[in-house]
Amino acid sequence: MKLTKEEQAMLDGEFGAGVQLAMKIQVAIGEAYDAPYMVPVSRTHVALSNQEADLWFAEKLVAGGATCRVRPTVNPSFNWEQLSCVTKLEPEDEAIVKRTHAAYNALGAIMTYDCTPYLEKNVPRFGEICSFSESSCTPFMNSVYGARTNREAAQSALCAAVTGVVPYYGYLLDENRKGEILVHVEADMENDFDYQLLGYFAPQKIGFKLPVFTGLKNPTKESLMNLGAQLNTGGNVAMYHIVGFTPEAPTIEAAFHGEEVREEVTITNDDLRSMQSMLTDPYGKIDFALFGCPHLTIDQIGVIAEMVRGQKLAVPLFVMTSGLSLDLAKKMGYEETIRQAGGHIFSDTCMDQPCWKFLYGKKGVTDSPKCAYYTRRRQMEFVVVPLEQAVEAALRGEIQGYRK
């Protein structure tokens, strides 16, 4: 790779061992992808995880004297002060959280603890070169904003934050942002949940190709957030186009960069219902409801608040959101309404954290296939249904209908 004098100085250790390690990793990634050189980034986001490897790497950079040139926002951790009302943390869990927080603070990260920074606090302009990890972030950045980021790991995004540069390859190049397969959506797409199912199902028909969707009309920000999250969880699809909606696809011709459409598929209502039946566990009694993967927006929290207003939940209901959205929920009365019904709203945390051990072995309801995917690794079962149906189930303590 061709490096600038400053980049070579980083690689040679002139800026310290931490920066040198970060640049070594960036150069290795660049060489693996035949990148000709590095380019500056102006935004970064790191999928902090509180796992041992994450902590080891962050502390290694700190020990080498590294700080972030482009300060990243970070993914959820867990907030032991908020969660103390429902669970106690194991001492080893609390210790790793505190050490991880200290390490990222020392690196100069912006401690947002939010998996949807692209909706607030870290919003790019069209064409801006960034380095974002996190499965819902990359598709939203590339597709909805027309910014440019590769599908980064937490560590590579942190290296970009430290060095201020990324290798020039992948979705940073025009030719890799063109559509590869035309997807005709004939399903009705009546609500956000249908976009969740579309995202999780599409990779079964398209593989990892960059899809160009037709038939989608004015999706909400929640629909776009979840479409990308599920495409990148059910498959490895970090960018999509929606004809007439996303900025790089005003027409089919523009989405394919003027090239011939070589492959087309159709997705129907039957496809989405089949996907739901594969994702969900049998209906019946439930022990809890869990929402916020990705973090819920203030509008989604408002839907839950209105549904439970003046009622009592039959099972515990947990909502995860950003700190800003929690503040808004308190100001708008949503948090009090949900709390009076027996529910809880938490910020800064995620169901893919060990603080949720008290739910292991139990059966929940959620609207998120991504939530079910993560938490099944932690021995939870999930009924996966639309948000409103999930809240109704939490009010009754069961969900009737489908049986496997």
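Higher on the page you've got the structure.
Let us look at the structure shown here. In this numbering scheme, every chain counts its residues from 1 along its sequence in written order. With pLDDT at 70 or above as the cut-off, local features in this predicted model cover only qualifying residues; side-chain atom pairs require 80 or more to be listed or tallied, and sums for whole chains, interfaces and linings still use all residues. For the side-chain quantities, the full set of heavy atoms in the structure was used; hydrogens and water were omitted.

1. What to know about the packing of aromatic side chains
Two rings belonging to Phe, Tyr or Trp (six-membered ring only in the last case) form a pair when the distance between their centres is within 6.5 Å. Interplanar angles under 30 degrees mark stacking, angles over 60 mark edge-to-face geometry, and anything in between is tilted. Counted by the stated rule, this structure contains 10 aromatic pairs. With a centroid separation of 5.3 Å and 65 degrees between ring planes, the pair formed by Phe 140 and Tyr 145 is classed as edge-to-face. On the basis of an interplanar angle of 55 degrees and a centroid distance of 5.5 Å, the ring pair of Tyr 373 and Tyr 374 is categorised as tilted. A relative accessible area of 40% places Tyr 373 in the partly exposed class. Through successive ring pairs, a cluster of aromatic residues spans Tyr 118, Phe 140 and Tyr 145. Our definition puts a charge over a ring when NZ of Lys or CZ of Arg is within 6 Å of the ring centre and also within 35 degrees of the ring normal. The positively charged end of Arg 69 is found above the aromatic ring belonging to Phe 15, 5.3 Å away from the centroid. Partly exposed describes any residue whose relative accessible area lies between the buried limit of under 20% and the exposed limit of over 50%, with all areas from a 1.4 Å probe on protein chains only and scaled to the type maximum.

2. Some points on the layout of surface pockets
Estimated volume of the largest pocket: approximately 640 Å³. Forming the walls of the largest pocket are 26 residues, and the residues nearest its centre are Ala 47, Asn 75, Glu 134, Asp 352 and Tyr 374. A helix here means a DSSP run of H or I that spans at least four residues, while a strand means a run of E at least two residues long, and both kinds are numbered starting from the N terminus. Listed by contribution, the elements that provide at least two residues to the lining of the largest pocket are helix 9 (221-234), strand 11 (288-296) and helix 15 (369-376). With three residues, the single largest contributor to the lining of the largest pocket is helix 15. Cavities and pockets were defined on a 1 Å grid built over protein atoms only: a cavity is a set of grid points that admits a 1.4 Å probe from which the probe cannot escape, a pocket is an open set flanked by protein on both sides within 12 Å along at least five of seven lines, and lining residues are those with an atom within 4 Å of any such point. Grid points are joined across faces, edges and corners, and a volume is the space filled by probe spheres set on the points.

3. Describing the sheet that holds strand 12 (residues 317-321)
One open sheet accounts for five strands, arranged 13-12-11-14-15; its pairing is parallel. If you trace the sheet from one side to the other, it starts and ends with strand 13 (343-347) and strand 15 (381-384), each paired once. Pairwise comparison of adjacent strand axes, ignoring direction, gives a mean angle of 25 degrees for this sheet. Two strands qualify as a pair provided that DSSP identifies no fewer than 2 bridges between them. Strand direction decides the pairing type here: strand 11 and strand 14 (residues 363-366), joined by two bridges, are parallel. Each residue of the ladder has a partner; that of Ala 289, found in strand 14, is Val 365. Sitting on the sheet, helix 12 (residues 298-308) touches strand 11, strand 12 and strand 13, and the angle it makes with strand 11 is about 160 degrees. For helices, the fitted line uses only the C-alpha atoms of the stretch in contact; every axis is such a line through C-alpha atoms, and the angle between N-to-C directions lies from 0 to 180 degrees. Every residue pair with non-hydrogen atoms within 4.5 Å of one another is taken to be in contact.

4. Concerning the pattern of salt bridges
Criterion for a salt bridge: a side-chain nitrogen of Lys or Arg within 4 Å of a carboxyl oxygen of Asp or Glu. Going through the model one piece at a time under the given rule, you end up with 17 salt bridges. Put simply, Arg 43 and Glu 128 hold a salt bridge, and the shortest N to O gap is 3.1 Å. On the criterion of sequence distance, the pair formed by Arg 43 in strand 2 (residues 43-46) and Glu 128 in the loop between helix 5 (91-107) and strand 4 (130-132) is long-range, its members being 85 residues apart.

5. Quick notes on the packing of helix 2 (residues 17-32) against helix 3 (residues 52-63)
Interhelical geometry of helix 2 versus helix 3 gives an angle of 130 degrees and a closest axis separation of 7 Å. By the angle between their directions, the pair helix 2 and helix 3 is classed as oblique. Listed contacts from helix 3 to Gly 18, Leu 21, Ala 22 and Ile 25 of helix 2 are Phe 57, Lys 60 and Leu 61. Our angle categories are set so that under 35 degrees counts as roughly parallel, over 145 as roughly antiparallel, 65 to 115 as roughly perpendicular, and the remainder as oblique.

6. A word on the sheet that holds strand 3 (residues 73-74)
One open sheet holds the three strands; their spatial order is 3-2-4, and the pairing between them is parallel. Edge strands, defined here as strands with exactly one partner in the open sheet, are strand 3 and strand 4. Here three bridges tie strand 2 to strand 4, and the two strands are oriented parallel to one another. From the neighbouring strand, Arg 43 faces strand 4, where its bridge partner is Cys 130.

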